Amino acid sequence: MKFNKPVGRVIFAVILGLISSVAHGDWLSELEHLPVQDAGRIKPFDTFAKEATQLVYGKRKFNNSSSAEVVFTWMVTPELWSSAPIVEVRHSGVKEALNLEKTQRYFSMNELMTNPKLPLIFGELQNRRERQEKLNPYFQAVQRIENQLGLLQVLARGEAPGFAPPAEGSTWLTLKHLPPELQEKFVILAKSFLAAIGDKGTAEGKAKLETELKDFKAAVTAHGQGIAPDILTKVSWEVHYNEFHPFLWSWVSYLLGLLFMVAYMVRGHAWQNNGGWVFIFIGFLLHTYGMALRIYLAGRPPVSNMYETVVWVPWGVVLFGFILERIQKSKLVLISAAAIATFCLILTDLAPAVLDPSLHPLEPVLRSTFWLTTHVLIITISYAAFFLAFALGDLLLFYFLKDEEKYAKQIHIGAQSIYRCLQIGVVLLAAGIILGGIWADYSWGRFWGWDPKETWALIALLGYLAVLHARLTGWVRSFGMAVTSVLGFSLVIMAWYGVNFVLGAGLHSYGFGAGGVEYVTGFVVLHILYVTYVTTVRYGRKKRA
Amino acid sequence: MKHISKKLFSVLTSIKLAVIVILALAVLSAIGTIYEARYDAEYAQKLIYQSPYMYGVMIVLSLTLIAVMVDRWPWKKRHAAFVLAHIGIIITLIGAVFTQKMGVDGSMAFRIGETKNRVTIKDRDLAVYGSFGDGEVRPLLQKQVEFVTHPPTEKDPYVLPFGSEKIEFVEYQHLAFREEKIIASDREADGPAVRFQLTNPNVNMTEWIRRESGKSSEVVNLGPASVVLSDGSYQPQEGVNEVILVPVPKTDEIRYMVYDKSNLLKTRGKVKESQEFDVGWMGLKLKVLRYHPKSYKQVTYQKAEGSSPLAHSALRFRFRGQEYWIGIGSLIRLYTEDSMYVLAYVFRQIDVGFPLILKDFQIGHYQGTKRAASYQSLVETPDGKEVVISMNEPLKYGGFTFYQSSFEQDEMGKPKVSVLSVNHDPGRWLKYFGSFLIVLGSILLFYFKKALARPRKT
């Protein structure tokens, strides 16, 4: 990491030294469990802090320190941070517009606030907003800077998050508006905090901080309307969800299972098969546990944004994998399923900026959970079936490339499995689209409105229907099944990701996002090249034969 | 002849044709979504989804579906899945045609307390009204227009004749931003306009103020002060700092008077174009940048590059050699020596046959935020009942269904207008029934694996 100003560098080093020298004690856990109100819901301070560092710094951790600790210092000693390079700016166009060093990724708040060009680009952003135009990636990046600086200022002024429930209404009181007795408690707490995290911090100091945090929490819990016990329980579970990180352990387990399964394919020892089964099953249990936690915390099915579907779809893939493995007696299915699950869950860990893991409240129209549940769950689970077919297709193409004759048995079973997957997918997708129509009719009075999201789901359905019909005429056989299942998945990617992130139009705007377009395009293009390559090689062989 | 029909039948029953039709549908739909992202839903619908190509593909699809089923006659038990799914598709398509041809899909916007019985639908009308010196305005003609598929151009204008006059439409923009310009004129009926700049070390504001000749004064409120363009009859208000500008007739001078909050005259004098004077508070100076004793407002439209809720469609037309722009939902006055015409370019409104009254509108927020969590309208139906319409809880009345669709707020964030979407869909149950058959059929496919395999005729 490069620091621009010597002063900033020194202060930054001191603060980092301070924080990392602290042995994390129970006081930290107390701080993390503190309930706060932010962005329309009650969450633990831990989550608030993770979202804050995600926005400002681009990570859910701050180097090796807990976000809660760092964000707390943003609140109580903002002056120490004002010249530290903590504000992430990634968009090169924005850096150019602000005359910032291109190779640098982090900038200090002072540096940005005194930048003479900043008011100009904020003004342009405002113009776009007034014209209600869609923001392009450049302006999304400008908007992020606005949010980053805004958050740091609001924190410094004590205007967020809400710390205590009010006597009336639903807006919690922020530090600035706390009653004197709570404010006093907070000041004492902040002093103890600064004393405890320093070099001079002693065990007694930390114990004192812990007591004061407990005391503050008790006072806040009893303030105004009070905080209900079940909300406190939920808050603790959310800290657990953050800390335990079930999806991380889940993909680790899937990956192990996958390795065992591959070993079994090569070597064929029974224990390898069993090991594969056990790890994939453990991965599935952890996956299920993580989703159950998320459903409990959000109070709704986990399919309201891209992150949640990228977690939910591989769950469906593994489920279909287990079922088809039983029916088809083929390890290929389970291997494909485990590979997809590992891939998707790693993706959710790698790209929090594109796949936002935060729990957000829903748009009004989505609050009729029953229809939301049925139509979105069914459509996304159909994607799972197509995803599995896609991975099987990839594997099969590999066999075709190696030796078509030698692996004839695997190819036959694989093609059968793909056919099954496509059938399941088509039935579910058709049902899901129709239920979506019913929901739209029920909410908007329009059964079918050619909205891009529904239209692309229909296009994907038509694509797979064409494949299934072409199979009847003999246009598509084993090789064709492999090719079409790989290519057909591009339609699903368009319906799933492309409509929200590339087209960005229509009524399903609540799922819109940005980022990752180059990677997704790359993924699709690579597969098209792969299919072309295998087809060419195979065609050449046939000609020679 | 028999030979040809036999051949045609065998083409229609071939699964190869089915594959081609399915792919054609997919490709057309995909193009449609690109149009929608680039422009808007209406544009995509008119140019793709309701285009002759789409209808053509749909007709071939229906013929194939029917032919294939006829071909399999007499049906066996194992044909159940495919027959059900295919009949389902045909019924759903018939339902869609009913909706398209006989349905109503529009919207109704109310202020709180307002009574409405008219629904605005997507069809567009051009209407002309005329007034011939007797003070009465009479409708002359009303015509439905479709410019998305047939946009007028300079070479191929759309001509609207009425009486001895005609209007020539020469350009259509589907999405455009409205822009206003103030232009000097010499017509007696036009009012004055002033472009002024208010400056001090912290403030720099430039504004136009224009008064219609029929109005005695026009006020522009700039926060700490108001600027008034008056014919001299304006009385200063208490509680506001005011600069009153009164053009002196037949000269290029403007008289000015500055009053403070307690209505004390601070300063007065005369000013010309490109001169300035001290206002007397906050170190502000007012400079007259432009002064037109007679002026009119010219509205033009600029093509929008992307879609935006503020962009809407607009037409450029010529009337008696003069060019004008008119935006959807607006009207424009056109003068000749002895008569006045009004041209209106509007969405068609239809009467639902009964009035609805919006009694109240409420927004629920997520805790501690301004994000709407829910919103609902309280309406009174003609039978005197009060009904709540909320998201996902529509009102069914008189053959129409009213859905809570959106709302508009004023600057203070208070709800101002509630928008209901209004719908009458005679094809609904056909579509539901067809959909049900499709799902049933595709589930049955799992039971009858070989249902689609045609028994080879020997």
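Just above, that's the structure.
Residues numbered from 1 in each chain as written. Chains lettered and ligands numbered in written order. Predicted model: local features only at pLDDT ≥ 70, side-chain atom pairs only at ≥ 80, totals over all residues. Heavy atoms only, no water.

Draft legend 1. Highlighting the overall build of chain B. Helices and strands together make up the secondary structure of chain B, namely six helices and 23 strands. The C-alpha atoms of chain B give 31 Å as radius of gyration, which overshoots the globular expectation for 458 residues (23 Å, by more than 25%). Overall, chain B is about 105 × 60 × 45 Å in size when its C-alpha atoms are taken along their principal axes. Looking at chain B as a whole, 42% of its 458 residues qualify as buried. Sequence separation of at least 24 residues holds for 51% of the intrachain contacts in chain B that already meet a minimum separation of 6. Summing over all exposed atoms, chain B offers an accessible surface of approximately 24600 Å²; the carbon and sulfur share of this is 55%. (Helix = DSSP H or I, 4+ residues; strand = E, 2+ residues; numbered from the N terminus. Rg over C-alpha atoms; globule rule 2.2 N^0.38 Å. Buried < 20%, exposed > 50% of the residue type's maximum accessible area, 1.4 Å probe, protein only. Contact = heavy atoms within 4.5 Å. Areas by Shrake-Rupley, 256 points an atom, 1.4 Å probe, with all protein chains shown as cover.)

Draft legend 2. Structural detail: the pairing of strand β23 (residues 415–424) of chain B. Residues and elements named next belong to chain B. Most of β23 sits out of view: seven of its 10 residues are buried. Bridge analysis of strand β1 (residues 104–111) against β23 gives eight bridges, and the strand direction is antiparallel. What sits directly across from Asp-105, in β23, is Asn-423. Of the pairings in the sheet, the one linking strand β22 (residues 400–409) to β23 comprises eight bridges and is antiparallel in character. The residue of β23 that forms the bridge with Phe-407 is Ser-418. (Pairing = 2+ DSSP bridges.)

Draft legend 3. Structural view of the packing of aromatic side chains. Taken as a whole and assessed by the stated rule, the structure comprises 59 aromatic pairs over all chains. Here A:Phe45 and A:Phe72 contribute two aromatic rings whose centre-to-centre distance is 6.2 Å and whose plane-to-plane angle is 80 degrees, an arrangement assigned as edge-to-face. Of the two residues, A:Phe45 sits in helix α3 (residues 45–57) while A:Phe72 sits in helix α4 (residues 67–76), which places them 27 residues apart along the sequence. On the basis of an interplanar angle of 55 degrees and a centroid distance of 6.4 Å, the ring pair of B:Phe361 and B:Tyr375 is categorised as tilted. Taken together, the residues span a long stretch of sequence, with B:Phe361 in strand β18 (residues 340–365) and B:Tyr375 in strand β19 (residues 372–380) at a distance of 14 residues. Neither residue differs from the other here; B:Phe361 and B:Tyr375 are each classed as buried. In this structure an aromatic cluster arises from ring pairing among A:Trp27, A:Phe45, A:Phe48, A:Phe72, A:Phe163, A:Phe186, A:Phe193 and A:Phe216. It is A:Lys234 that lies over the ring of A:Tyr296; its NZ or CZ is 5.5 Å from the centre. (Phe/Tyr/Trp six-rings, centres within 6.5 Å; stacked < 30°, edge-to-face > 60°. Lys NZ or Arg CZ within 6 Å of the ring centre and 35° of its normal.)

Draft legend 4. Seen up close, the layout of surface pockets. Residue and element names in this part refer to chain B. Size it by volume and the second largest pocket reaches roughly 980 Å³. If you trace the second largest pocket, you find 27 residues lining it, with Tyr-296, Lys-297, Ile-332, Arg-333 and Tyr-335 closest to the centre. Mapped onto the lining of the second largest pocket, the elements with two or more residues apiece are β14 (285–303), β16 (322–327) and β17 (330–335). (1 Å grid on protein atoms, 1.4 Å probe; cavity = no way out; pocket = protein on both sides within 12 Å on 5 of 7 lines; lining within 4 Å. Points joined across faces, edges and corners; volume = space filled by probe spheres on them.)

Draft legend 5. Molecular detail of the interface of chain B and chain A. Each partner contributes residues to the interface: chain B has 52 residues there, and chain A has 52 residues. Roughly 4800 Å² of surface becomes buried between chain B and chain A when both sides are summed, with 63% attributable to carbon and sulfur atoms. In terms of surface lost to chain A, no three residues of chain B exceed B:Gln367, B:Asn392 and B:Phe446, which account for 14% of the buried area on that side. Counting the contacts that link chain B with chain A gives two salt bridges. Across the salt bridge formed by A:Arg446 and B:Asp105, the nearest N and O atoms sit 3.0 Å from each other. Across the chain B-chain A interface, the total number found is seven residue pairs in polar contact (both at pLDDT 80 or more). (Buried area = accessible area lost by both parts, 1.4 Å probe. Salt bridge = Lys/Arg side-chain N within 4 Å of Asp/Glu carboxyl O. Polar contact = N/O pair within 3.5 Å; in protein donor to acceptor, adjacent residues only side chain to side chain.)

Draft legend 6. Representation of the nonpolar core within the structure. All names here are of chain A. In this structure, Tyr-383, Phe-387, Leu-388, Leu-422, Leu-429, Phe-489 and Trp-496 are the most contacted members of the largest nonpolar core, which totals 126 residues. Take this core: its biggest share by element is 19 residues, from helix α17 (residues 369–403). Residues contacting Phe-387, with those up to four places away along its chain left out, are Val-313, Val-317, Ile-340, Cys-344, Phe-489 and Trp-496. Within the second largest apolar cluster, 60 residues are counted, among which are Val-36, Leu-100, Phe-186 and Phe-216. (Core = buried A, V, L, I, M, F, W, Y, C linked by side-chain atoms within 4.5 Å.)

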